[in-house]
Amino acid sequence: MRVVAVSAIDFPVPLIEPFPISRASVDSTRAALVRVRVEHDGRVEEGLGEAALPLGSAEGPDELLLDIAAATPRFVGLE
(Lines give C-alpha, C1' and ligand atoms only; values in the text may rest on other atoms or scores of the structure.)
Protein backbone atom coordinates (compact mmCIF):
# COMPACT_ATOMS: atom_id res chain seq x y z
CA MET A 1 0.00 0.00 0.00
CA ARG A 2 1.47 3.37 -1.05
CA VAL A 3 0.21 6.85 -0.14
CA VAL A 4 -0.60 8.77 -3.33
CA ALA A 5 -2.31 11.90 -1.96
CA VAL A 6 -3.27 13.71 1.23
CA SER A 7 -5.72 16.60 1.35
CA ALA A 8 -7.62 18.48 4.03
CA ILE A 9 -10.52 20.91 4.28
CA ASP A 10 -11.90 23.02 7.11
CA PHE A 11 -14.47 20.90 8.97
CA PRO A 12 -16.18 22.65 11.89
CA VAL A 13 -18.66 20.35 13.65
CA PRO A 14 -21.53 22.12 15.44
CA LEU A 15 -21.98 21.16 19.08
CA ILE A 16 -25.42 20.17 20.35
CA GLU A 17 -25.06 22.74 23.15
CA PRO A 18 -22.59 25.62 23.49
CA PHE A 19 -19.55 24.74 25.61
CA PRO A 20 -18.64 27.61 27.96
CA ILE A 21 -14.98 28.25 28.77
CA SER A 22 -13.48 31.05 30.85
CA ARG A 23 -13.23 33.64 28.05
CA ALA A 24 -16.00 32.61 25.65
CA SER A 25 -18.57 30.05 24.63
CA VAL A 26 -17.72 27.52 21.93
CA ASP A 27 -20.47 26.37 19.57
CA SER A 28 -18.44 24.19 17.14
CA THR A 29 -15.21 22.24 17.00
CA ARG A 30 -12.17 23.56 15.14
CA ALA A 31 -11.13 20.69 12.95
CA ALA A 32 -10.03 19.57 9.51
CA LEU A 33 -11.34 16.63 7.51
CA VAL A 34 -8.28 14.76 6.17
CA ARG A 35 -8.52 12.51 3.11
CA VAL A 36 -5.73 10.04 2.33
CA ARG A 37 -5.60 8.19 -0.99
CA VAL A 38 -3.58 4.97 -1.21
CA GLU A 39 -2.77 2.58 -4.03
CA HIS A 40 -2.89 -1.12 -3.26
CA ASP A 41 -2.66 -3.94 -5.81
CA GLY A 42 -3.49 -1.53 -8.65
CA ARG A 43 -6.55 -0.10 -6.88
CA VAL A 44 -6.83 3.40 -5.43
CA GLU A 45 -8.71 3.62 -2.14
CA GLU A 46 -9.49 6.52 0.18
CA GLY A 47 -9.71 6.93 3.90
CA LEU A 48 -10.99 9.81 6.00
CA GLY A 49 -9.79 11.14 9.32
CA GLU A 50 -10.00 14.23 11.48
CA ALA A 51 -7.39 16.59 12.85
CA ALA A 52 -8.88 18.62 15.69
CA LEU A 53 -7.54 21.63 17.56
CA PRO A 54 -7.88 21.58 21.35
CA LEU A 55 -10.04 24.18 23.07
CA GLY A 56 -8.00 27.21 23.99
CA SER A 57 -5.38 26.59 21.31
CA ALA A 58 -3.94 29.75 19.79
CA GLU A 59 -3.74 27.97 16.43
CA GLY A 60 -6.74 28.36 14.15
CA PRO A 61 -8.19 26.26 11.33
CA ASP A 62 -6.17 28.13 8.67
CA GLU A 63 -2.89 27.31 10.43
CA LEU A 64 -4.00 23.69 10.86
CA LEU A 65 -4.64 23.36 7.12
CA LEU A 66 -1.24 24.93 6.36
CA ASP A 67 0.47 22.48 8.74
CA ILE A 68 -1.23 19.51 7.07
CA ALA A 69 -0.25 20.80 3.62
CA ALA A 70 3.35 21.28 4.78
CA ALA A 71 3.52 17.71 6.14
CA THR A 72 1.92 16.10 3.08
CA PRO A 73 5.11 15.76 0.95
CA ARG A 74 6.67 13.64 3.72
CA PHE A 75 3.87 11.05 3.40
CA VAL A 76 3.19 10.86 -0.34
CA GLY A 77 5.03 7.88 -1.79
CA LEU A 78 5.47 6.07 1.55
CA GLU A 79 4.48 2.44 1.91
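Quick summary incoming for the structure in this document. (Residues numbered from 1 in each chain as written. Predicted model: local features only at pLDDT ≥ 70, side-chain atom pairs only at ≥ 80, totals over all residues. Heavy atoms only, no water.)

## Overview of the overall build of the protein chain
A count of helical and extended segments in the protein chain gives one helix and five strands. Scanning the protein chain from its N terminus toward the C terminus, one meets helices and strands in the order β-β-β-β-β-α. Whereas a compact globule of 79 residues would reach a radius of gyration of roughly 12 Å, the protein chain reaches 16 Å, over 25% beyond that. When its C-alpha atoms are laid out on the principal axes, the protein chain stretches across 50 × 25 × 15 Å. (Helix = DSSP H or I, 4+ residues; strand = E, 2+ residues; numbered from the N terminus. Rg over C-alpha atoms; globule rule 2.2 N^0.38 Å.)

## Re the sheet that holds strand 1 (residues 2–10)
Ordered by their spatial adjacency, three strands build an open sheet running 1-4-5, and the pairing between neighbours is antiparallel. At either end of the open sheet lies a strand with only one pairing partner, and these are strand 1 and strand 5 (43–52). The sheet shows a mean angle of 20° between the axes of neighbouring strands, direction not considered. In this structure, strand 4 (residues 31–40) lies alongside strand 5, joined through 10 bridges in antiparallel fashion. Residue pairing for strand 5: Val34 is matched across the bridge by Gly49. Set on the sheet, helix 1 (residues 61–75) makes contact with strand 1, strand 4 and strand 5; between it and strand 1 the angle comes to about 175°. (Pairing = 2+ DSSP bridges. Axes fitted to C-alpha atoms, helices over the stretch in contact; angles between N-to-C directions. Contact = heavy atoms within 4.5 Å.)

## Quick notes on a nonpolar patch on the surface
A cluster of nonpolar side chains, contributed by Leu15, Phe19 and Leu55, occupies part of the molecular surface with about 260 Å² of accessible area. Within the secondary structure, Leu55 is located in the loop between strand 5 and helix 1. (Patch = residues over 30% accessible without salt bridge, like charges linked within 9 Å, V, L, I, M, F, W, Y side chains within 5 Å. Areas by Shrake-Rupley, 256 points an atom, 1.4 Å probe, with all protein chains shown as cover. Salt bridge = Lys/Arg side-chain N within 4 Å of Asp/Glu carboxyl O.)

## Remarks on the pairing of strand 3 (residues 25–28)
Bridge count between strand 2 (residues 14–20) and strand 3: three bridges; the pairing is antiparallel. Paired with Pro20 across the bridge in strand 3 is Ser25. Between strand 2 and the antiparallel strand that follows it, strand 3, lie four residues.

## Observations concerning the nonpolar core
By size, the foremost hydrophobic cluster in this structure holds five residues: Ala32, Val34, Leu53, Leu64 and Ile68. Those elements that provide at least two residues to this core are strand 4 and helix 1. Once residues lying within four places of it in the same chain are set aside, the contact partners of Leu64 are Ala31, Ala32, Ala51, Leu53 and Glu59. (Core = buried A, V, L, I, M, F, W, Y, C linked by side-chain atoms within 4.5 Å. Buried < 20%, exposed > 50% of the residue type's maximum accessible area, 1.4 Å probe, protein only.)

## Observations regarding the pattern of salt bridges
One pass over the full model with this rule turns up four salt bridges. We note a salt bridge from Glu46 to Arg35, for which the minimum N-O separation is 3.4 Å. You can see Glu46 sitting in strand 5 and its partner Arg35 sitting in strand 4, a full 11 residues away along the chain. Here Glu45 makes a salt bridge to Arg43, at a shortest N to O gap of 2.5 Å. Glu45 sits in the partly exposed class, given a relative accessible area of 35%.

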